[in-house]
Amino acid sequence: MTFDIISAVPDLLRSPFEHSIMQRAQDKGLVEINVIDLRNYGIGKHRQIDDYQYGGGAGMVMMVEPLDNCIEELKAKFNYDEIIFLTPDGNNFNQKMANRLSLLKRVMIILGHYKGIDQRIRDQHVTMELSIGDYVLSGGELPAAVLVDSITRLIPGVLGDGTSALSDSHQDNLLAPPVYTRPENYKGMSVPPILLSGNDAKIDQWRMDKSVEKTKAIRPDLLEEDEE
Ligand code: ADE
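This write-up is about the structure you can find in this document. (Residues numbered from 1 in each chain as written. Predicted model: local features only at pLDDT ≥ 70, side-chain atom pairs only at ≥ 80, totals over all residues. Heavy atoms only, no water.)

**Some remarks on helix H5 (residues 141-152)**
Since one α-helical turn is 3.6 residues long, residues separated by three or four positions face the same way. Taking 1.5 Å per residue as the helical rise, H5 with its twelve residues ought to reach 16 Å, and the 16 Å between its terminal C-alpha atoms agrees with that figure. Within H5, nine of the twelve residues are buried, which leaves the element mostly enclosed by the surrounding structure. Taken as a whole, H5 has its buried residues at Glu141, Pro143, Ala144, Ala145, Leu147, Val148, Ser150, Ile151 and Thr152. (Helix = DSSP H or I, 4+ residues; strand = E, 2+ residues; numbered from the N terminus. Expected span 1.5 Å × (residues − 1). Buried < 20%, exposed > 50% of the residue type's maximum accessible area, 1.4 Å probe, protein only.)

Right, here's the structure in full:
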């Protein structure tokens, strides 16, 4: 899967993709992440990419022309399954959406800054608007790291154990059960004996019971979603 990410601050995106699972996924050729610097499409000597908003009000708006030129150039070269704009006024991104997006071949991701982007870009090019939560960040770079990471780990071959993404929290609308590793006893706190029993069926049942118990206590809304 290929992600083409248009950013006004591409340096912010370097580190999240250069370590651990994300780096290995790229090394294995399972994902390609291209970060395109919007400044290269800026207008005039100062490579301007933002301007005051019509109608007044605080905060700059990202201009239509640099974004349009950049997007058109990419569209002329590649076919996109989705063109995503990350914005706090978008639809809520969740695990179900990550699963769906992980099946796609190529997506473009547009990142905003300041007060947002000129509406005409949204009207003309964007096919999907996503928010990573009900809070506002300074720009779309951190949300892009969240989006790309959550999708990448679902692509077959990215995680060592093919089943481990399926046991994550939020798959099946359940929170993950508690996990333990060595030592068996630490400062008087011991690992639940069932996990040392070697009885796989009982362990699976215990994990399911704990998942349900935890979801009921912390996120009962997830169980209601399941019934829809
Ligand atoms: N840009 C700024 N805040 C955001 C959020 N919560 N989700 C997606 N993009 C954003």
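**Thoughts on the sheet that holds strand E6 (residues 106-111)**
Read across the open sheet, the five strands follow the order E2-E1-E6-E5-E7; overall the sheet is parallel. Whereas interior strands pair on both sides, the edge strands pair on one side only; in this sheet they are strand E2 (32-37) and strand E7 (128-131). Strand-to-strand twist across the sheet, computed as the mean angle between neighbouring axes with direction ignored, equals 30°. Strand contacts of H5: strand E1 (2-7), E2, strand E5 (82-92), E6 and E7, with the helix running at about 175° to E1, the strand carrying the most contacts. (Pairing = 2+ DSSP bridges. Axes fitted to C-alpha atoms, helices over the stretch in contact; angles between N-to-C directions. Contact = heavy atoms within 4.5 Å.)

**Structural notes on the site of the ligand**
Around the ligand, the surrounding shell consists of Leu86, Thr87, Pro88, Leu130, Ser131, Ile132, Gly133, Tyr135, Val136, Leu137, Gly139 and Pro143. Glycine 133 has a polar backbone atom sitting 3.2 Å from a nitrogen atom of the ligand. At a separation of 2.8 Å, a nitrogen atom of the ligand approaches a polar backbone atom of tyrosine 135. For the ligand, whose free accessible area comes to 260 Å², the fraction covered by protein is 96%. Contributing elements (two or more residues each) for the shell around the ligand: E5 and E7. Counting residues per element, the shell around the ligand draws most heavily on E5, at three residues. Of the residues belonging to the shell around the ligand, the class tally is eight nonpolar, four polar and no charged. (Near = heavy atom within 4 Å. Polar contact = N/O pair within 3.5 Å; in protein donor to acceptor, adjacent residues only side chain to side chain. Areas by Shrake-Rupley, 256 points an atom, 1.4 Å probe, with all protein chains shown as cover. Nonpolar A, V, L, I, M, F, W, Y, C, P; charged D, E, K, R; others polar.)

**Things to note about the side chain of arginine 122**
Among the secondary structure elements, arginine 122 is positioned in helix H4 (residues 119-124). Take arginine 122: its relative accessible area is 12%, and that puts it in the buried class. Separated by 3.1 Å, the side chains of arginine 122 and aspartate 89 make a polar contact. Side chain to side chain, arginine 122 and glutamate 129 meet in a polar contact 2.7 Å long. Aside from chain neighbours lying at most four places away, what touches arginine 122 is Phe85, Thr87, Asp89, Ile117 and Glu129.

**Quick look at unusual backbone geometry**
Cis geometry is found at the peptide bond from arginine 182 to proline 183, where omega equals 5°. Residue position: proline 183 is located in the loop between H5 and strand E8 (185-186). Residues other than glycine seldom take positive phi values, yet serine 20 does so here, at roughly 50°. Using a relative accessible area of 48% as the deciding quantity, one classes serine 20 as partly exposed. Despite not being glycine, arginine 47 has its phi angle at roughly 50°, a positive value. Within the secondary structure, arginine 47 is located in the loop between E2 and strand E3 (50-52).

**Topic: a nonpolar patch on the surface**
On the surface, Tyr135, Leu137 and Leu142 cluster together into a nonpolar patch covering about 290 Å² of accessible area. Structurally, leucine 137 can be placed in the loop between E7 and H5. The partly exposed category is assigned to leucine 137, whose relative accessible area is 36%. (Patch = residues over 30% accessible without salt bridge, like charges linked within 9 Å, V, L, I, M, F, W, Y side chains within 5 Å. Salt bridge = Lys/Arg side-chain N within 4 Å of Asp/Glu carboxyl O.)

**Let's talk about the nonpolar core**
One finds Phe3, Ile5, Ile109 and Leu130 to be the most contacted residues of the largest nonpolar core, which totals 30 residues. Contributions of two or more residues to this core are made by E1, helix H1 (20-27), E5, helix H3 (95-101), E6, E7 and H5. Counting residues per element, this core draws most heavily on H5, which supplies five residues. Those residues in contact with isoleucine 5 that lie beyond four places of it in its chain are Leu13, Phe17, Ile33, Asn34, Val35, Ile36, Ile109, Leu111 and Val148. Counting 19 residues, the second-largest nonpolar core is a separate cluster that includes Ile36, Ile49, Tyr80 and Phe85. (Core = buried A, V, L, I, M, F, W, Y, C linked by side-chain atoms within 4.5 Å.)

Purely geometric stuff here, so don't read any function into it on its own.
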